[in-house]
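# Coordinate analysis (summary)
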Amino acid sequence: MSARGQREWFAGATDVGLIRSGNEDSWLAEPPLFAVADGLGGHQAGEVASSIALEVLVEETPATPDINALDQAVQAANLAVMDAAREGKGRSGMGTTLTAVVLDGTRLLVSHVGDSRAYLFHDGELVRVTQDHSMVADMIREGTLTEEEARYHPNRSVITRALGTNPEMLPDTFETVASRGDRLLLSTDGLHGQVTDPEIADIVRNAASPSDAAKALVSAANDAGGVDNVTVIVVDIGETSRGTAATTAAESSARRKEASGQLARTWIARAAWVVAAVSVVAIAWFGFQYWVYSQAFLRVDSQGKVAIYTGVAEDFAGLRLSRLAQPTEVVVEKLPVNLQGKLTSSQGVKQSSLAEARQTVAEYERLASISSSGTVDPTTPTLTEPAPAPSTTTTP
Ligand code: MG
């Protein structure tokens, strides 16, 4: 029995039990990696298999959490057990279960083969993280056996997947998330084959520390008969479970959130600039239009009559910036020749506003009537075409 870790956030314990002569289980707790292995084969071969599996696992698992690397490490452990048997270490047909967890804060990377287990004690309840690769587990899943019946079934120790038997063996490798304050439990079947899940839950719930839990679990297995080797690892998920991993999930999640926040802020800033730029252009355009259409000019229309246009007579970048505001009955031909020339030119006669244009048209009507009647209405001012300025200059 042993416990490691400066703050006692994890502990492991193993015991040969009351019947067996040797302990074929192995365990390791080298944060962030935790694993249990239950060797099979008898005559110490199981012990060889489980210890080789864990040696290779710890060598091949990087300190930085990596689910694929963990899966590869378990597959390498499988081949190593097979190689060892061929080389005469242990013996042919030896094998081992393996349940391995890499902790990354509250994130769990799990790789599992056989009938050892990972449990999480979460919110007062014991939850199985792994599914047994065993004959009775298959029968329970098929509904032909109950949990209680499995406990006493003659083939209860027949496992359907193990390291050391098949070079193509694939572990169940997956990721799950625990919560701060949860307890992780890894166990070989010497525990859960003897002690029920509710009993395990009670012990885990009531233990003050991981080492208290580990000791109590091993005692419970022996109290229940101690028919098998028993191994447990208890890990408190929380403040100290960072291990050697570079970052915790919480930290990297916070960083991801911060990064995505920054990205969002960048996009908001960009969007604000686009809106501002579009607004400036729109305001400028509407201002320009307002300015253009507040002006007016007079020009001959297709009927030969004076028409009032708003806007400017000139096109701007290919755009026509004028529209007919009001046709009149003033016939251009009845106006003085100089005015006719201006009204028929493309420029027309520029006016500062629509109001001014209407006043001018009123004057044109009078001029046209003069030319028709040959009389001048003395009350009507004549259109003031500015007289050409004298070409002489005076000098003092
Ligand atoms: Mg066992």
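What you see is a predicted model; the values in this text were computed from it and never measured. Here the residue numbers are simple positions, counted from 1 along each chain's written sequence. With pLDDT at 70 or above as the cut-off, local features in this predicted model cover only qualifying residues; side-chain atom pairs require 80 or more to be listed or tallied, and sums for whole chains, interfaces and linings still use all residues. To obtain the side-chain values, all non-hydrogen atoms of the structure were included, while hydrogens and water were left out.

### Quick word on the overall build of the protein chain
Our working rule: The numbering of helices and of strands both runs from the N terminus, where a helix is a DSSP run of H or I of at least 4 residues and a strand a run of E of at least 2. A simple rule labels every residue: compare its accessible area, found with a 1.4 Å probe on the protein chains alone, to the largest value its type can have, and call it buried under 20%, exposed over 50%, or partly exposed in between. Any pair of residues with heavy atoms lying within 4.5 Å of one another is described as a contacting pair.
When helices and strands are tallied, the protein chain shows 10 helices and 16 strands. Out of the 396 residues belonging to the protein chain, those deemed buried represent 42%. In the protein chain, the share of contacts with a sequence separation of at least 24, taken over all contacts with a separation of at least 6, comes to 65%.

### Details of the pairing of strand E4 (residues 33-40)
Each regular strand displays side chains that alternate between the two surfaces of the sheet. Stated formally: Here the rule is simple: two strands pair whenever DSSP picks up at least two bridges between them.
Among the eight residues of E4, seven are classified as buried, and the element is accordingly described as predominantly covered. Relative to E4, strand E3 (residues 25-30) is paired through six bridges, and the arrangement is antiparallel. Within the sheet, the bridge partner assigned to Leu28 lies in E4 and is Ala35. Hairpin connection from E3 to E4: two residues lie between these consecutive antiparallel strands. Across four bridges, E4 lies against strand E6 (residues 98-104) in antiparallel orientation. Bridged to Leu33 within E6 is Val102. Examined bridge by bridge, E4 and strand E5 (residues 95-96) share two bridges and lie antiparallel to one another. By the bridge assignment for E5, Gly39 is matched with Thr96.

### Comments concerning the coordination of the magnesium ion
Put simply, the rule reads: The rule for donors is simple: N, O or S, within 2.8 Å of the metal, or within 3.2 Å if the metal is Na, K or Ca. Water isn't counted, so a site may look like it is missing partners.
At 2.1 to 2.3 Å from the magnesium ion lie its protein donor atoms, namely Asp38 (OD), Asp189 (OD) and Asp228 (OD). Along the chain, the residues that donate to the magnesium ion are spaced as D-x150-D-x38-D. Here Asp189, found in helix H5 (residues 189-192), pairs with Asp228, found in the loop between helix H7 (210-223) and strand E12 (230-236); they are 39 residues apart in sequence, far enough to count as distant. Considered together, Asp189 and Asp228 belong to a single accessibility category, that of buried residues.

### Things to note about the packing of helix H6 (residues 197-206) against H7
Spelled out, the test is: Geometry is summarised by axes, namely lines fitted to C-alpha atoms with helices restricted to the contacting stretch, and by angles between N-to-C directions that run from 0 to 180 degrees. Oblique is the label for any angle not covered by the other classes, which are roughly parallel (under 35 degrees), roughly antiparallel (over 145) and roughly perpendicular (65 to 115). A clockwise turn of the near helix away from the far one marks a right-handed crossing, whereas an anticlockwise turn of less than a right angle marks a left-handed crossing. Three classes are used, and their members are as follows: Ala, Val, Leu, Ile, Met, Phe, Trp, Tyr, Cys and Pro are nonpolar, Asp, Glu, Lys and Arg are charged, and the others, Gly among them, are polar.
Closest axis-to-axis distance for the H6/H7 pair is 9 Å, and the angle between their directions is 150°. On the basis of the axis angle, H6 is roughly antiparallel to H7. Crossing angle aside, the handedness with which H6 passes H7 is right-handed. Note on element contacts: H7 touches H6 through Ala213, Ala216, Leu217 and Ala220, opposite Ile200, Ile203 and Val204. Its residues placed into classes, the contact of H6 with H7 shows seven nonpolar, no polar and no charged.

### Section: the pattern of salt bridges
Where we set the bar: Think of a salt bridge as a Lys or Arg side-chain nitrogen and an Asp or Glu carboxyl oxygen that are within 4 Å of each other.
For the structure shown, the criterion picks out 15 salt bridges. Across the pair Asp236 and Arg183 runs a salt bridge whose closest N-O atoms are separated by 2.5 Å. Residue Asp236 is found in strand E12, and its partner Arg183 is found in strand E11 (residues 183-187); the two are separated by 53 residues along the sequence. Across the pair Lys305 and Glu329 runs a salt bridge, and its minimum N-O distance is 2.8 Å. One end of the pair, Lys305, is in strand E14 (residues 305-311); the other, Glu329, is in strand E15 (residues 322-331), with 24 residues separating them in the sequence. The exposed category is assigned to Glu329, whose relative accessible area is 64%. One salt-bridge network, in which partners are shared between bridges, spans Arg117, Arg128, Asp132, Glu147 and Asp197.

### Comments concerning the nonpolar core
Heads up, the condition is: What is meant by a nonpolar core is a set of buried Ala, Val, Leu, Ile, Met, Phe, Trp, Tyr and Cys residues, joined one to another through side-chain atoms within 4.5 Å.
Membership of the largest hydrophobic core comes to 26 residues, with the highest contact counts inside it found for Ala35, Leu54, Leu57, Leu98 and Leu163. Elements with a contribution of two residues or more to this core: E4, helix H1 (45-60), helix H2 (67-86), E6 and strand E7 (107-113). Filtering out sequence-adjacent residues up to four positions away, Leu98 remains in contact with Ala35, Val36, Ala37, Leu54, Leu57, Val74, Ser111, His112, Val113 and Leu163. Counting 21 residues, the second largest nonpolar core, distinct from the first, contains Leu126, Ile200, Val204 and Ala213.

### So, a nonpolar patch on the surface
In plain terms, the rule: A patch is a set of surface residues, each over 30% in relative accessible area and not in a salt bridge, joined within 9 Å for like charges and within 5 Å for the nonpolar side chains Val, Leu, Ile, Met, Phe, Trp and Tyr. The accessible surface values rely on the Shrake-Rupley method and a 1.4 Å probe; as for residues, cover is taken only from the protein chains in view.
Where nonpolar side chains cluster on the molecular surface, the patch consists of Leu18, Ile19 and Val227 and spans about 290 Å² of accessible area. Among the structural elements, Val227 can be located in the loop between H7 and E12.

### With respect to the sheet that holds strand E16 (residues 349-351)
Spatial strand order, E15-E14-E13-E16: four strands in an open sheet with antiparallel pairing. Since the sheet does not close on itself, it has two edges, and those belong to E15 and E16, each with one partner. Averaged over all neighbouring strand pairs, the angle between strand axes comes to 25°, with direction disregarded. Taken together, the six bridges between E14 and E15 define a ladder with antiparallel strand orientation. Bridging from a neighbouring strand, Thr310 pairs with Arg323 of E15. The strands that helix H9 (residues 337-344) touches are strand E13 (296-300), E14 and E16; relative to E13, the one it contacts most, it runs at about 105°.

### Observations regarding the environment of Asp71
Here Asp71 lies in helix H2. As a C-alpha pair, Asp71 and Leu170 span 99 residues in sequence and 8.4 Å in three-dimensional space. Those residues within four positions of Asp71 in sequence are excluded, and the remaining contacts are Ser111, Pro171 and Thr173.

### Focus: the packing of aromatic side chains
For clarity, the threshold we go by: Centres within 6.5 Å are what make two rings of Phe, Tyr or Trp a pair, Trp counting through its six-membered ring; a difference in plane orientation under 30 degrees is then read as stacked, over 60 as edge-to-face, and the rest as tilted. By definition, being over a ring means that NZ of Lys or CZ of Arg is both within 6 Å of the ring centre and within 35 degrees of the ring normal.
By the definition in use, this model includes six aromatic pairs. An angle of 10° between the planes, with centres 5.1 Å apart, marks the rings of Phe297 and Tyr309 as stacked. Taken as a pair, Phe297 in strand E13 and Tyr309 in strand E14 lie far apart in primary sequence, 12 residues in all. Like Phe297, the residue Tyr309 is buried in the burial classification. Ring-pair connections join several aromatic residues into one group, and the members of that group are Trp9, Phe10 and Phe34. The aromatic ring of Tyr309 is capped on one face by Arg299, whose charged end is 5.3 Å from the ring centroid.

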